[in-house]
Amino acid sequence: MSDILANFFSMGNFNPGFIIILAGLLCIFIPVSEIRKALVLLAPIAGGVLIFQQFTSAEVIGGIWQVGPLKLTTLRIDSLAIIWGYIFCLAGVLNAIFGFHEKCKITDSSALIYMGAAVAAVFAGDLITLFVFWELTAISSVFLIWKGGDGSFQAGIRYLAYHVTSGVLLLAGAVIYGMSRGGDYSFNYIGLDAPGAWLILLGMGIKVGFPFLHNWIQDSYPKASITGTVILSVFTTKLALYALARGFPGTELLIYIGAIMTCFPVFFAVIENDLRKVLAYSLNNQLGFMVCGIGIGSQLAMNGVAGQVVAHVIFKSLLFMSMGAVMHRVGTAKASELGGLFRSMPITAVFCLIGAGSIAAFPLLAGFVTKSMIITSAIDHASYGGGPAMWVVVLMLLFASAGVMEHSGIKVPHFTFFAHDGGHRVKEAPWNMLVAMGLAAALCIFLASPIPGIGGYKWLYSMLPYDVEYNPYTTDHVVFQLQLLFAAMFAFAFLKRQGVYPDERKAEILDFDWTHRKLGANIAIWVGAMWTRLSANGANVRASFVDVAGRRLQQLFSPAGAFSAASPSGLPALLTSAMLAFAMIVIFVAAT
Amino acid sequence: MSDHHDHPDMPDDYSPEGLAHIHPYAKPFLFLGKESVKRNFIWFPVVGLIIVSIMGFFFPPKHPAPWDFGFSWAVIGFAAYTVVVLSAEPLFRLLAREENYYGEEEAPKLKNKGDHYE
């Protein structure tokens, strides 16, 4: 123990995630809500300050820890990791403000441990350290789902199953990868050709929501508590994006996976009634853009990914916060039961519209200055040797951009705050929720500002991993982006007028998780029933076998049995003699 | 006849009883609930679309795709949006099941929802 402590204190720089985790552990023992809330707010601020202080050169390595034969690098801050670290801390502050009203020890402590684990993971310099915090994010965050009340327990269990599997795959791949490199587990570019790389990619793919592995997002996020959903939307998937950006930049397969990720959620989102689930599909769609950018791997694309992570954390949190505020007041987030809430919650409505405009990439709002880098890099990639398949990818990204406008840009605010009047006359969101949403909305505007000298997109770009000259506010870019968005708005209004736009209906929409929640469960039930029947039959077979064998033995060896009969009395002596003779012959042969 | 499409159980927005339940900041924007405003909303994107489509000919994209022309992204936006919306009905028929199909209680409906005006 003393060795471990000595190691810890001799590490010099240490991972900022540790103090956030420590704050989370402390929260468990603090009974006073106000003190806990102060800790929840201050811990991410302290984490951010620590990151700022420690990032003194292009790459800071620290926290080296020798554990047996393993050399763990618990701290590595560089130009890629730092942007994730900062945005996680910023999101932690916003979440703390948003959840200020919730007096729940479990939420406070698990939120901090979860956030700390995510920060620690992005600053991990080796795959083993990454694995430890990778799993800690899963274990700590499941409590946020379970705090969602009835019906969230099963979703939490499924969430854990997905994430523990993801961690096991990551560890298995890491061990194979590290062993192939003579015990070097450092986490840098891996590439698909390395031993164990496919396992690592699959582990990361589960956490980032690859197609067919994505269902945990739509299953668990809408079932978490109001604050829990907002917190969950930030860390897990972005951590996985970081890991992909670190380990697999420029992997062509990711371009196509990302393109599929952008498109398929659009079709589910349009028919989904639960607006938090719509946002969960929207999250999948946005992750697709970033996965695609990682696959392209150019400096512009990687900058686009890092910038989009920042913007996405903010505007997606804002959208989840606005739906959380609505749910807090109205009691539901189902589109079929909402509508007309701009009368009661006008400030929340404005914030939601800013979030919706940001995710749809309206000029002057955050998504515009980041997503365009990914699409431009995709067009560049297609133009310079990407081939026809890459042009298909570009079309898919444009299709998905219009799709985003449909589900997050129009559907969510329209069915919540406008559309028909749902008859809810409620109070505006609590002050803390309004402050958190206001800050997020202000950031959406601030990060996209083209006005020189007051921050804006240039400030954001200066934090990105590569020095690339890119101006999103060229006339052609603004004009063509507005074409896409105005055309989508026109299509909405036109189809609505024609009565073609679907009304929101209450239903459970099947997705790929049907295979394990229904088909797999039914197969398991069937196998269980068959096993029970076979066991019952097997017991009968065993009983009758024992019965028959017992009777046979009884017939042979009982005092009244065949072996005790008088007539063949010389037979045992004869058999014994034969055995003895056989043994003697064997011994004689062996001796000679 | 009122130009509003209120909830049947709710008083008209502009009646004293209705106004009592409206947030003060929302009162100047109650026109957004009028049926005529909703019906005529279409002219906002129409005008915007015409302007940016014309501008597209004067400011062609610096990174053009093979299919790009003056208002190509408008065509893509309209077509994509329409495809998504038109796919909704067949997809709903294919994928929709009754609520609680999986036998688990659905997304939490809060028992102690926030304060209401009522």
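Quick notes on the rules
- Residues numbered from 1 in each chain as written.
- Chains lettered and ligands numbered in written order.
- Predicted model: local features only at pLDDT ≥ 70, side-chain atom pairs only at ≥ 80, totals over all residues.
- Heavy atoms only, no water.
- Helix = DSSP H or I, 4+ residues; strand = E, 2+ residues; numbered from the N terminus.
- Buried < 20%, exposed > 50% of the residue type's maximum accessible area, 1.4 Å probe, protein only.
- Contact = heavy atoms within 4.5 Å.
- Areas by Shrake-Rupley, 256 points an atom, 1.4 Å probe, with all protein chains shown as cover.
- Disulfide = S-S within 2.5 Å.
- Domains from an automatic or database assignment.
- Buried area = accessible area lost by both parts, 1.4 Å probe.
- Salt bridge = Lys/Arg side-chain N within 4 Å of Asp/Glu carboxyl O.
- Polar contact = N/O pair within 3.5 Å; in protein donor to acceptor, adjacent residues only side chain to side chain.
- Nonpolar A, V, L, I, M, F, W, Y, C, P; charged D, E, K, R; others polar.
- Axes fitted to C-alpha atoms, helices over the stretch in contact; angles between N-to-C directions.
- Parallel < 35°, antiparallel > 145°, perpendicular 65-115°, else oblique.
- 1 Å grid on protein atoms, 1.4 Å probe; cavity = no way out; pocket = protein on both sides within 12 Å on 5 of 7 lines; lining within 4 Å.
- Points joined across faces, edges and corners; volume = space filled by probe spheres on them.
- Patch = residues over 30% accessible without salt bridge, like charges linked within 9 Å, V, L, I, M, F, W, Y side chains within 5 Å.
- Phe/Tyr/Trp six-rings, centres within 6.5 Å; stacked < 30°, edge-to-face > 60°.
- Lys NZ or Arg CZ within 6 Å of the ring centre and 35° of its normal.

(A) Broad picture of the overall build of chain B. Within chain B, the secondary structure is distributed over five helices and one strand. Written out in order from the N terminus, the α and β elements of chain B read α-α-α-α-α-β. Taking all 118 residues of chain B together, 41% fall into the buried category. For chain B, contacts bridging at least 24 residues in sequence account for 27% of all contacts bridging at least 6. As displayed, chain B offers around 7300 Å² of accessible surface, 67% of which is attributable to carbon and sulfur atoms.

(B) View of the state of the cysteines. All names here are of chain A. Taken as a whole and assessed by the stated rule, the structure comprises zero disulfides over all chains. With no disulfide of its own, C263 lies 9.7 Å from the sulfur of C292, the closest cysteine sulfur. Given the relative accessible area of 12%, C263 is considered buried. C292 gets classed as buried once you look at its relative accessible area, which sits at 0%.

(C) Inspection of the domain arrangement of chain A at higher detail. All names here are of chain A. Examined at the domain level, chain A breaks down into domain 1 (1-248) and domain 2 (251-496). Distance between the C-alpha centres of domain 1 and domain 2: 25 Å. Every contact between the two is made by 41 residues of domain 1 and, on the other side, 44 residues of domain 2. Each partner contributes to the roughly 3700 Å² buried at the junction of domain 1 and domain 2, and carbon and sulfur atoms together form 80% of this total. On inspection of domain 1 and its partner domain 2, the count reaches zero salt bridges. The interface formed by domain 1 and domain 2 contains 10 residue pairs in polar contact (both at pLDDT 80 or more). In terms of residue class, the side of domain 1 that touches domain 2 is made up of 28 nonpolar, 11 polar and two charged.

(D) Quick look at the packing of helix α4 (residues 81-98) of chain A against helix α13 (residues 299-330) of chain A. Residue and element names in this part refer to chain A. Where α4 meets α13, the closest approach of the two axes is 10 Å, and the angle between their N-to-C directions is 10 degrees. Considered as vectors, α4 and α13 are oriented roughly parallel to each other. Facing α4, whose interface residues are I83, W84, I87, L90, A91, L94, N95 and F98, α13 presents V305, A306, V309, V310, V313, I314, M321, G324 and A325. Along the lines of polarity and charge, the residues of the contact of α4 with α13 split into 15 nonpolar, two polar and no charged.

(E) Layout of empty space enclosed by the protein. Residues and elements named next belong to chain A. As enumerated under the stated definition, the model contains four cavities of 30 Å³ or more in all. Looking at the largest cavity, its volume works out to about 100 Å³. The wall of the largest cavity is formed by 13 residues, among which V40, N95, A96, A111 and I231 lie closest to the centre. Sorting the residues of the lining of the largest cavity by element identifies α3 (33-54), α4, α5 (105-122) and α10 (226-247) as the ones contributing at least two each. The dominant element in the lining of the largest cavity, judged by the number of residues it contributes, is α5, at four residues. Its residues placed into classes, the lining of the largest cavity shows six nonpolar, five polar and two charged.

(F) Highlighting the pattern of salt bridges. Applying the stated criterion across every chain yields a total of 21 salt bridges over all chains. When the shortest N-O distance is used, the salt bridge between R181 of chain A and D184 of chain A registers 2.9 Å. Accessibility expressed as a relative area gives 31% for D184 of chain A, which makes it partly exposed. Here R425 of chain A makes a salt bridge to D421 of chain A, at a shortest N to O gap of 2.7 Å. Judged by relative accessible area, which is 1%, R425 of chain A ranks as buried. A single network of salt bridges, built from pairs that share partners, joins R158, D219, K223, D513 and R517 of chain A together with E104 of chain B.

(G) View of a nonpolar patch on the surface. Residues and elements named next belong to chain B. Together, I50, I54, F57, F58, F59, F69, F71 and V75 give the surface a local cluster of nonpolar side chains, amounting to about 790 Å² of exposed area. In terms of residue count, the dominant contributor to the nonpolar patch is helix α3 (residues 43-58) (four residues). For F69, the position within the fold is in the loop between α3 and α4 (72-86). Of the residues examined, F69 reaches a relative accessible area of 38% and is grouped as partly exposed.

(H) Seen up close, the side chain of S141 of chain A. Residues and elements named next belong to chain A. One can find S141 in helix α6 (residues 127-146). A polar contact is formed between the side chain of S141 and the backbone oxygen of A138, at a distance of 3.2 Å. Not counting chain neighbours up to four residues away, the residues in contact with S141 comprise Y114, Y159 and L232.

(I) Here's a closer look at the packing of aromatic side chains. Counted by the stated rule, this structure contains 31 aromatic pairs over all chains. Seen from their ring centres, F143 of chain A and W146 of chain A are 5.7 Å apart, and the 85 degrees between their planes marks the pair as edge-to-face. Residue F143 of chain A and its partner W146 of chain A are located together in helix α6, separated by three residues, close to a single helical turn. Accessibility expressed as a relative area gives 37% for F143 of chain A, which makes it partly exposed. Members of the aromatic cluster, each reached through a chain of ring pairs, are F368, Y457, Y461, Y470 and Y473 of chain A. One Lys or Arg, R517 of chain A, reaches over the ring of Y102 of chain B and ends 3.8 Å from the middle of that ring.

(J) Inspection of unusual backbone geometry at higher detail. The phi dihedral of A419 of chain A is positive, around 50 degrees, even though this residue is not glycine. Note on placement: A419 of chain A falls in the loop between α16 (388-417) and α17 (431-446). Classification of A419 of chain A by relative accessible area gives buried; the value is 13%. Its identity as a non-glycine residue notwithstanding, N100 of chain B has a phi of 60 degrees, on the positive side. Position of N100 of chain B relative to the elements: it lies in the segment after β1 (96-97).

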